[in-house]
Amino acid sequence: MTLGTNVMKNETILKVEHLSMRFGGLMAIDDFSFDAKRGDITALIGPNGAGKTTVFNCITGFYKPTMGMITLTQRDGDQYLLERLRDFEITKVAKVSRTFQNIRLFSGLTVLENLLVAQHNALMKASGYTVLGLLGLPAYTKASAAAIDKAKYWLDKANLTERADDPAGDLPYGAQRRLEIARAMCTGPELLCLDEPAAGLNPRESAALNTLLHSIRDDGASILLIEHDMSVVMEISDHVVVLEYGQKISDGTPDHVKNDPKVIAAYLGVEDDEVEQIEEQLDEGRI
Amino acid sequence: MAQSPATENSGLMAQAVKEALVAAAISFGLFVLYVGIETYQDINNALVWRTRWGLLAIFVVIAAVSRFVVVGFIKPHLDKRKRDKAKAGIPEVSDGKTFFQRNFLKLALVGLLIYPPLSVMLAGTQGSLKYVDNFGIQILIYVMLAWGLNIVVGLAGLLDLGYVAFYAVGAYSYALLSQQFGLSFWVLLPLSGILAAFWGIILGFPVLRLRGDYLAIVTLAFGEIIRLVLINWTDVTRGTFGISGIPKASFFGIWSFDVGADNNFTKAWGLSMSSAYYKIFLFYLILALCMLTAYVTIKLRRMPIGRAWEALREDEIACRSLGINTVTTKLTAFAIGAMIGGFAGAFFATRQGFVSPESFVFLESAVILAIVVLGGMGSLTGIAIAAIVMVGGTEVLREMEFLKHVFGPDFTPELYRMLLFGLAMVVVMVFKPRGFVGSREPTAFLKERKAVSGSFTKEGHG
């Protein structure tokens, strides 16, 4: 689990090529391509309605893209075309896991149980698809103890050990966010996709989240995240991709993106002197 | 709190009287046609009517008096107790458990094991029939069915309104195969379960992509289809006549319960001829089947598949995002629930010695589902209690001869069982919206096992 951070950096883990998604007459994503590098935190940003979540849903299999190719390269060199896999296979086989913009926890299960459900596939195999487990063979007992250890590891990382036996629905909002991330990590992903992880968090919770994300990256998983909160994006990400109206308008390091005039125009608004220019153009009736 | 206690009290009484009058008016309006007027046929077969003002008055007075008592005395008392508790800072749920609460399950099991000999001792061999058969076996069949449905509805959150179809498949499997091929109960019991599970999977494949209301409607339709096939496929099932003369189960092939057989149980043990021994044997058999169901349910809940069922009930999309194949997970829940229904069906057939489509109507599905909901979805104890209350309650109604003295000689109390069923459901749902046992036991824990309150768990939507 503790692979060195820089061992395989700069190797592409996720390659999205010519991705398009059409909903009826609406082109939500139009010929969108980007790469995410292994060991990086890649951020996907853009104004409301730019199509960020649609890209996410395409990558994680909740939508089937109209066009395009999404290639995932695993650490051992195996490659998967995500658009051809079913949604649960993307987590099970290709090892990409995700969280949701509106938290989707199993609120009636305890925090620990949430993390055990995430290890379903490993435990299923260990229990001989339930048959051997029903007989109480030691292999399954050992596997379930290992699963609890793994859950403990992530509880500790997410700072939730104290609440392990409480129902997930009883946690405060920030803790629920961290639990959802810990749960996604319990599936043992190579790429973790986070949909607005900092939404609705107060500054302190936000700081705790940043620590968690950094420690996940240091553990060897790559992160792809959607974020609205620019301060979070600029602080933690290594690579930023900017999306507007379903098209990529900028791609690079946070500093590069921050100073890209296209991004400033699209995301932060148009600068003052440009406003004058546009007004002039308006007067001349060119727009 | 500015009022003095005296004025507060008289205000309360005035309100109680007012509400009692309203209740009386409402119950008068409700019952004036149903109870106040009765139609009957006279000597010329003409339909005429007469009034029953006395009975109507009893109904109205009961409504008024109970409303008065509730508003005037019970509610203030409960409020006061709640206020006192809040003042004293005692939490609503006390942690201390009595001996009875801690050992409830063990005591219940022991009670069930000694129930048949006890009823023989108290009521005699022949007299015990009623208690062992009508109460014991009848209730335990429903306990088993409800526990089976609990896997589908309570754990996996799939609303199945056609559960009785699998019960029918099990019953007819046993009835037909035992008559056609002469196979014994012990061969056919597992086979009936497997056939029912097979039908569960066949149904599951097309149906489980539906969710919520749609799933409920399709399962309802499936239940009806099975029943209509049983009625109309007369060559095989003999239609509405049903199949009679279904062989009895034997004591693992060692002793038979057939009267003419050489190895007859009563002969072998030198007992007097009575069907009570067979019923007692059946009682232990269904008890064993129930225990098997409970064991499997408890075991499976702690396995990954059981956790996946509960996760599915909580949030299906999150399940898929964690790499869980929701289709196979739903199918296993459906198949295992159906298998238990099939076991219960085979037992039902051998107990009755007769099966007909009459036994597998939609009402049965509804009753089983009502037991699951009343007991608290997912809770085995709660469901068992609900089955005892519901099924036992309707049996008790048959025994209430004294009601005839109150309501007249042609009053048949068991006709009112559905009314009471509905009433009980309304009452339980008002006071315990999550059923008798609304909380769930976690399947794994680090430090302490805390019950999860029902307010966090979901009912499922698929």
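Everything numeric in this text was worked out from a predicted model, so none of it was measured. (Residues numbered from 1 in each chain as written. Chains lettered and ligands numbered in written order. Predicted model: local features only at pLDDT ≥ 70, side-chain atom pairs only at ≥ 80, totals over all residues. Heavy atoms only, no water.)

**Q** Give a detailed account of the interface of chain B and chain A, specifying residues and quantitative values.
**A** With 34 residues of chain B at the contact, the number on the chain A side is 41 residues. Both sides of the chain B and chain A interface together cover about 3400 Å² of buried area, and 65% of this is carbon and sulfur. Taken as a group, L322, L446 and F456 of chain B account for 21% of the area that chain B buries against chain A, more than any other trio of residues on that side. Between the two partners, chain B and chain A, sit three salt bridges. Taking the shortest distance from any N to any O, the salt bridge between R320 of chain B and D87 of chain A comes out at 2.6 Å. Where chain B touches chain A, the interface holds nine residue pairs in polar contact (both at pLDDT 80 or more). At the level of secondary structure, the elements contributing two or more residues to the side of chain B that touches chain A comprise α10 (276-301), α11 (304-314) and α12 (316-321) of chain B. At seven residues, the largest contribution of residues to the side of chain B that touches chain A is made by α11 of chain B. (Contact = heavy atoms within 4.5 Å. Buried area = accessible area lost by both parts, 1.4 Å probe. Salt bridge = Lys/Arg side-chain N within 4 Å of Asp/Glu carboxyl O. Polar contact = N/O pair within 3.5 Å; in protein donor to acceptor, adjacent residues only side chain to side chain. Helix = DSSP H or I, 4+ residues; strand = E, 2+ residues; numbered from the N terminus.)

**Q** Report on the nonpolar core, specifying residues and quantitative values.
**A** Side chains that are nonpolar tend, in soluble globular proteins, to be buried together. Membership of the largest hydrophobic core comes to 150 residues, with the highest contact counts inside it found for L213 and I216 of chain A together with W309, V355, F360 and I371 of chain B. If you tally residues by element for this core, the top one is helix α4 (residues 104-155) of chain B, at 16 residues. Setting aside residues up to four positions removed in sequence, F360 of chain B forms contacts with V164, Y167, A168, A171, Y172, R227, L230 and F348 of chain B. One finds L14, F32, F34 and C58 of chain A within the second-largest nonpolar core, a separate group that totals 29 residues. (Core = buried A, V, L, I, M, F, W, Y, C linked by side-chain atoms within 4.5 Å. Buried < 20%, exposed > 50% of the residue type's maximum accessible area, 1.4 Å probe, protein only.)

**Q** Provide a residue-level description of a nonpolar patch on the surface, including the pertinent values.
**A** Residue and element names in this part refer to chain B. A surface patch of nonpolar side chains, about 840 Å² in accessible area, is lined by L109, V110, L113, I114, L118, M121, L122, Y284 and M291. At the level of elements, α4 and α10 are the ones that each hand at least two residues to the nonpolar patch. When residues in the nonpolar patch are grouped by element, the largest group, seven residues, is from α4. Relative to the assigned elements, L122 resides in helix α4. (Patch = residues over 30% accessible without salt bridge, like charges linked within 9 Å, V, L, I, M, F, W, Y side chains within 5 Å. Areas by Shrake-Rupley, 256 points an atom, 1.4 Å probe, with all protein chains shown as cover.)

**Q** Describe in detail helix α15 (residues 380-399) of chain B, supporting the description with residues and values.
**A** Residue and element names in this part refer to chain B. The terminal C-alpha atoms of α15, which comprises 20 residues, lie 28 Å apart, in line with the 28 Å expected from a rise of 1.5 Å per residue. By the largest-angle criterion, G393 marks the main kink of α15, which is about 30°. Of the residues making up α15, those classed as buried are L380, G382, I383, A384, A386, A387, M390, V391, G392, T394, E395 and L397. Structurally, α15 contributes buried residues whose contacts are with α4, α10, α14 (362-375) and α17 (417-431). Where α15 begins, the capping side chain belongs to S379, and its oxygen is found 3.0 Å from the backbone nitrogen of G382. (Expected span 1.5 Å × (residues − 1). Bend = angle between axes of the 7 residues up to and from the residue.)

**Q** Outline the confidence of the model for chain A, supporting the account with residue identities and numerical values.
**A** Residue and element names in this part refer to chain A. Confidence in the prediction of chain A, expressed as mean pLDDT, is 81, and 88% of residues score 70 or more. No element of chain A has a lower mean pLDDT than helix α12 (residues 272-283), at 62, and none a higher one than helix α3 (residues 111-117), at 90. For the stretch residues 1-7, pLDDT sits under 50, and the model shows 11 contacts to residues farther than four places along the chain or on other chains. (pLDDT = per-residue confidence, 0-100.)

**Q** Explain the pattern of salt bridges to me, using residue names and the numbers behind them.
**A** Across all of its chains, the model carries 23 salt bridges over all chains by this definition. For the salt bridge of R313 of chain B with E314 of chain B, the shortest nitrogen-to-oxygen distance reads 3.2 Å. Residue R313 of chain B is classed as buried on the basis of its relative accessible area of 3%. Connected through shared salt-bridge partners, E113 of chain A together with R301, E310, R313, E314 and R440 of chain B make up one network.

**Q** For the domain arrangement of chain B, give the residues involved together with the corresponding values.
**A** Split by domain assignment, chain B resolves into domain 1 (5-88) and domain 2 (105-431). Taking only C-alpha atoms, the centre of domain 1 of chain B and the centre of domain 2 of chain B are 38 Å apart. (Domains from an automatic or database assignment.)

**Q** An account of the environment of F407 of chain B is needed here, citing residue identities and associated values.
**A** Residues and elements named next belong to chain B. Looking at the secondary structure, you find F407 in helix α16 (residues 402-407). Accessibility expressed as a relative area gives 35% for F407, which makes it partly exposed. Separated by 89 residues in the primary sequence, F407 and A318 have C-alpha atoms spaced 57 Å apart. If we skip the residues at most four places from it in the chain, F407 touches L55 and F59.

**Q** Please set out the pairing of strand β4 (residues 67-73) of chain A residue by residue, giving values where relevant.
**A** Residues and elements named next belong to chain A. Pairing of strand β1 (residues 12-23) with β4, which is carried by five bridges, proceeds in the antiparallel orientation. Note on β4: the bridge partner recorded for K15 is T71. Where β4 folds back on strand β5 (residues 79-81), the antiparallel hairpin that results is connected by five residues, among which G77 adopts a positive phi of roughly 95°. (Pairing = 2+ DSSP bridges.)

**Q** Please set out the side chain of S321 of chain B residue by residue, giving values where relevant.
**A** Residue and element names in this part refer to chain B. Topologically, S321 is positioned in helix α12. Look at S321 and you get buried, because its relative accessible area is 2%. Within polar-contact distance, the side chain of S321 engages the backbone oxygen of A318 at 2.8 Å.

**Q** How would you summarise helix α7 (residues 213-232) of chain B if you had to cite specific residues and measurements?
**A** Residue and element names in this part refer to chain B. Look at α7: 28 Å from first C-alpha to last across 20 residues, which is about the 28 Å you get at 1.5 Å a residue. Looking at α7, one finds that the buried residues are L215, A216, T219, F222, G223, I226, R227 and L230. Down the axis of α7, the smallest arc covering the buried residues is 125°, so these residues share one side. Pointing more than 90 degrees away from the buried face of α7 are the exposed residues D213, Y214, I217 and N232. Tucked into the core, α7 has its buried residues touching α5 (164-181), α6 (185-207), α8 (234-237) and α13 (326-352). (Arc of directions from axis to C-beta.)

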